[in-house]
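Observations on the model geometry
Chain residues, written in single-letter form:
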Amino acid sequence: MSITIAKAKGEQFAAINKVMEEGQRLHANHLPHIFKDVSPVMPKVFFEEILKDLDKDILVAMDGEAIVGFALLRVNQAPPFESVQSRTYTYIDDFGVLESFQGNGVGRKLFEACKDWAKEKNSEHLELTVWEFNERARSFYESLGLTTVNRRMSLPLKDDHSK
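Remember, it's a predicted structure, so these values are computed and weren't measured experimentally.

1. Quick notes on the overall build of the protein
The number of helices and strands found in the protein is four helices and five strands. The helix and strand sequence of the protein, counted from the amino end, reads β-α-α-β-β-β-α-β-α. Rg of the C-alpha trace for the protein: 17 Å, near the compact-globule value of 15 Å for 163 residues, within the 12% margin. Dimensions of the protein along its principal axes, counting C-alpha atoms only, are 50 × 45 × 35 Å. Per-residue burial for the protein yields a buried fraction of 36% across its 163 residues. At a minimum sequence separation of 6, the contacts of the protein that also span at least 24 residues come to 62%. Of the roughly 10900 Å² of accessible surface on the protein, a fraction of 50% belongs to carbon and sulfur atoms. Where the 21 positive side-chain charges of the protein centre and where its 25 negative ones centre are 1 Å apart.

2. Structural notes on the nonpolar core
Within the largest apolar cluster, 39 residues are counted, with the highest numbers of intra-cluster contacts made by Ile16, Met42, Ile58, Ile92, Phe95, Phe111 and Cys114. Among the elements of the structure, helix H1 (13-30), helix H2 (44-52), strand S2 (56-63), strand S3 (66-77), strand S4 (88-97), helix H3 (106-120), strand S5 (125-128) and helix H4 (135-143) are those that each provide at least two residues to this core.

3. Topic: the pattern of salt bridges
Under the criterion given, the structure shown has seven salt bridges. Notably, a salt bridge pairs aspartate 53 with lysine 56, separated by 3.9 Å at the nearest N-O pair. We classify lysine 56 as partly exposed; its relative accessible area is 31%. In this structure, arginine 87 and glutamate 127 form a salt bridge, with 2.8 Å as the shortest nitrogen-oxygen distance. You can see arginine 87 sitting in the loop between S3 and S4 and its partner glutamate 127 sitting in strand S5, a full 40 residues away along the chain. Residue arginine 87 is classed as partly exposed on the basis of its relative accessible area of 23%. The class of glutamate 127 is partly exposed, set by a relative accessible area of 23%.

Calculation criteria
- Residues numbered from 1 in each chain as written.
- Predicted model: local features only at pLDDT ≥ 70, side-chain atom pairs only at ≥ 80, totals over all residues.
- Heavy atoms only, no water.
- Helix = DSSP H or I, 4+ residues; strand = E, 2+ residues; numbered from the N terminus.
- Rg over C-alpha atoms; globule rule 2.2 N^0.38 Å.
- Buried < 20%, exposed > 50% of the residue type's maximum accessible area, 1.4 Å probe, protein only.
- Contact = heavy atoms within 4.5 Å.
- Areas by Shrake-Rupley, 256 points an atom, 1.4 Å probe, with all protein chains shown as cover.
- Lys, Arg positive; Asp, Glu negative; His and termini not counted.
- Charge placed at Lys NZ, Arg CZ, Asp CG, Glu CD.
- Core = buried A, V, L, I, M, F, W, Y, C linked by side-chain atoms within 4.5 Å.
- Salt bridge = Lys/Arg side-chain N within 4 Å of Asp/Glu carboxyl O.

This is the structure in structure tokens:
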């Protein structure tokens, strides 16, 4: 297995969505009140907008010509409030590796490419959200040196029968 990392191209839309669908199913199974099991996961117009935006990108991990992982990245600026430090950071909106390729260094290689991309954009931090149920992902990110800086909490206000 020889994994390469590259910027996504327009013709890779369907292949990237196939990788996204595996993660989407996992999230929809665990959090059906938030996620739907849909295909495609990412609308094509959104994909095309990312490819045109200099402050956004999609990186793909490829085994030969097959896409086996992806990362959606965007540069953010902290709001211009006196109460927060002025900073530029890169946010990973989505990150996934096909389950059959997990545990083989693909995610690490892809994450290193995300760090490089963020540094090229003069970002001071690389941030992401990981869902509490996803222990495997949390462990993976912690092994890369990420730490928890906040926790989003939720309280259901309707019972299961009133959806």
